[in-house]
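# Fold and geometry: a report
Each chain, written out:
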Amino acid sequence: MFLGEFSCLAAFYLLRCRAARYSDASMDPQQPFNPLLFLAPALCDMTGTSIMYVALNMTSASSFQMLRGAVIIFTGLFSVAFLGRRLVLSQWLGILATIAGLVVVGLADLLSKHDDQHKLSEVITGDLLIIMAQIIVSIQMVLEEKFVYKHNVHPLRAVGTEGLFGFVILSLLLVPMYYIPAGSFSGNPRGMLEDALDAFCQVGRQPLIALALLGNISSIAFFNFAGISVTKEMSATTRMVLDSLRTVVIWAVSLALGWEAFHPLQILGFLILLMGTALYNGLHRPLLARLSRSQSPAEEGERERLLDPSRTLINDAS
């Protein structure tokens, strides 16, 4: 993941050289900033993603993606606390609707049938871990928005800097992880927390794994660049709203491939979550404006006739 983000830094300097050659105004000189500012978002990204991938092994993919909608709640609250943003009534209603949607999705997990791979206790633990990870991710989003706005950092440079920190830190952590026993939690033959040598061996013997890794690196690089671009041009919450749209695709694919069973409560929970994100992002305002403009011409003419100052009043005529 961090290798994909780190590749954005190389793309940034390539674009910078091209802009210097062709006088491209889109790559204006950046304000000087300390790269260590993006160390904290990188740590949040590393911690939150690690917790979410652990939780993904305990619950279904659709519930995992739906529960990630909780990040809108914490991003909104942290935006108020750290960015000084004021939330209007519709945004508070959106937060409440999102909470209600999360409750419905969690209830669907409790009532659905569980196989030997996903026991009820593991599903509950996984759902709680996902929500806990969203607190960390929301801190990352708010920090990125603050630093990108303040220093006018190019999105590719911001993503690449985070990827550099994350790649170096995780590479160093692979050394102690190679010697830490993990028991049944481990997925490698030695039973350790992480076995990088075994991972490279699998990649060498299975070209499909290498292809999947290359695809993952490319998609993460593009996804993070697009996400932080939205953060710069709009807001951190808008980025989270657009990110939530992936839920439909993941849910549909999981059902089509038979990876999970259909539960009606998930539809209700997703619709409530969708309503909450729409309210928070102000998507109801264009609809209300269109309804207010759809007043019939007859009503408008009657209103103008009643408000016409040249119209003679009945009392005056008498």
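Residues numbered from 1 in each chain as written. Predicted model: local features only at pLDDT ≥ 70, side-chain atom pairs only at ≥ 80, totals over all residues. Heavy atoms only, no water.

### What about the overall build of the chain?
Counted only if it meets this: Segments assigned H or I by DSSP are reported as helices when at least four residues long, segments assigned E as strands when at least two residues long, and all are numbered from the N terminus. Residue burial is assigned from relative accessible area. The probe radius is 1.4 Å, only protein chains are included, and a residue is buried under 20% of its type maximum, exposed over 50%, and partly exposed in between. Here, residues are in contact when the closest pair of their heavy atoms is within 4.5 Å. Per-residue and other accessible areas were derived by the Shrake-Rupley procedure at a 1.4 Å probe size, with only the shown protein chains allowed to occlude residues.
Across its full length, the chain holds 15 helices and zero strands. With 318 residues in all, the chain has 39% of them scored as buried. Restricting the contact set of the chain to residue pairs at least 6 apart, pairs at least 24 apart contribute 76%. Counting only carbon and sulfur atoms, one obtains 68% of the accessible surface of the chain, whose full area is about 18,600 Å².

### Let's talk about the UniProt feature "transmembrane region" (unreviewed entry) in the chain
Inclusion rule: UniProt positions are given in the numbering used here, feature names are shortened, and annotations may be inferred rather than shown by experiment.
Within this numbering scheme, the UniProt entry marks residues 35-54, 66-83, 89-111, 123-143, 163-180 and 265-283 as carrying the feature "transmembrane region" (unreviewed entry). Here residues 35-54 runs as 80% helix and 0% strand, with 30 Å between its end C-alpha atoms. For residues 123-143, helix accounts for 100% and strand for 0%, while the C-alpha atoms at its two ends are 31 Å apart.

### Observations regarding the pattern of salt bridges
Counted only if it meets this: By salt bridge we mean one thing: a side-chain nitrogen of Lys or Arg within 4 Å of a carboxyl oxygen of Asp or Glu.
According to the stated counting rule, one finds two salt bridges in the structure shown. Here Arg85 makes a salt bridge to Glu145, at a shortest N to O gap of 2.4 Å. Highlighted residues: Arg85 in the loop between α4 (71-83) and α5 (89-111) and Glu145 in helix α6 (residues 120-151), separated in sequence by 60 residues. According to the relative accessible area criterion, Arg85 is partly exposed, its value standing at 28%. A relative accessible area of 2% means that Glu145 is categorised as buried.

### Comments concerning α4
Two residues of an α-helix separated by three or four positions point the same way, owing to the 3.6 residues in each turn. Those residues of α4 not exposed but buried are Val71, Ile72, Ile73, Phe74, Thr75, Gly76, Phe78 and Ser79. A positive phi of about 70 degrees marks Gly84, the residue just after α4.

### Points about the layout of surface pockets
To be explicit about the condition: Each cavity reported here is a set of points on a 1 Å grid over the protein atoms alone in which a 1.4 Å probe fits but cannot get out, each pocket an open set with protein on both sides within 12 Å along at least five of seven lines, and each lining residue one with an atom within 4 Å of a point. Grid points are joined across faces, edges and corners, and a volume is the space filled by probe spheres set on the points. Each residue is assigned to one class: nonpolar for Ala, Val, Leu, Ile, Met, Phe, Trp, Tyr, Cys and Pro, charged for Asp, Glu, Lys and Arg, and polar for all the others, Gly among them.
Size it by volume and the largest pocket reaches roughly 2,000 Å³. In this structure, the largest pocket is lined by 42 residues; those nearest its centre are Tyr53, Leu170, Leu174, Glu194 and Ala199. Elements with a minimum of two residues in the lining of the largest pocket: α1 (2-22), α2 (39-56), α7 (155-177), α8 (196-205) and α9 (207-233). Broken down by element, the residue count for the lining of the largest pocket peaks at eight residues, all from α2. Here the residues of the lining of the largest pocket are counted per class, giving 23 nonpolar, 14 polar and five charged.

### Things to note about the packing of α1 against α7
Note the threshold: Note on method: axes are straight lines fitted to C-alpha atoms, helices fitted across the in-contact stretch only, with angles between N-to-C directions ranging 0 to 180 degrees. Any angle that is under 35 degrees is reported as roughly parallel, and any over 145 degrees as roughly antiparallel; angles of 65 to 115 degrees are reported as roughly perpendicular and all others as oblique. Crossing handedness is read from the near helix: turned anticlockwise from the far helix by less than a right angle, it gives a left-handed crossing, and turned clockwise, a right-handed one.
For the pair α1 and α7, the least separation of the axes is 6 Å and the interaxial angle reads 140 degrees. In terms of orientation, α1 lies oblique with respect to α7. Regarding α1 and α7, the two cross each other, and that crossing is left-handed. Seen from α1, the contacting residues are Phe2, Leu3, Glu5, Phe6, Cys8, Leu9, Ala11, Phe12, Tyr13, Leu15 and Arg16; seen from α7, they are Leu156, Arg157, Val159, Gly160, Thr161, Glu162, Gly163, Leu164, Gly166, Phe167 and Leu170.

### Describing the environment of Ile169
Secondary-structure assignment places Ile169 in helix α7. When near neighbours in sequence (up to four residues on either side) are disregarded, Ile169 contacts Leu39, Leu43 and Met46.

### Regarding the packing of aromatic side chains
Selection rule: Here a pair means two rings of Phe, Tyr or Trp (six-membered ring of Trp) with centres within 6.5 Å. Their orientation is stacked below 30 degrees between planes, edge-to-face above 60, and tilted elsewhere.
Going through the model one piece at a time under the given rule, you end up with five aromatic pairs. Seen in terms of ring centroids, Phe12 and Tyr13 are 5.1 Å apart; in terms of plane orientation they differ by 70 degrees. Their pairing is edge-to-face. Using a relative accessible area of 1% as the deciding quantity, one classes Phe12 as buried. Ring centres of Tyr178 and Tyr179 lie 5.2 Å apart, and the angle between their planes is 85 degrees; on these two criteria the pair is classed as edge-to-face.

### Some thoughts on the nonpolar core
Side chains that are nonpolar tend, in soluble globular proteins, to be buried together. The cut-off we apply is this: In this description, a nonpolar core means a group of buried Ala, Val, Leu, Ile, Met, Phe, Trp, Tyr and Cys residues linked to one another through side-chain atoms lying within 4.5 Å.
By size, the foremost hydrophobic cluster in this structure holds 29 residues, and its most contacted members are Met66 and Leu102. For this core, the secondary-structure elements that each account for two or more residues are α2, α3 (61-67), α4, α5, α6 and α12 (264-280). Ranked by residue count, the leading element in this core is α6, at seven residues. The next biggest cluster of nonpolar side chains, apart from the first, holds six residues, and it includes Phe33, Phe147, Val148 and Ala158.

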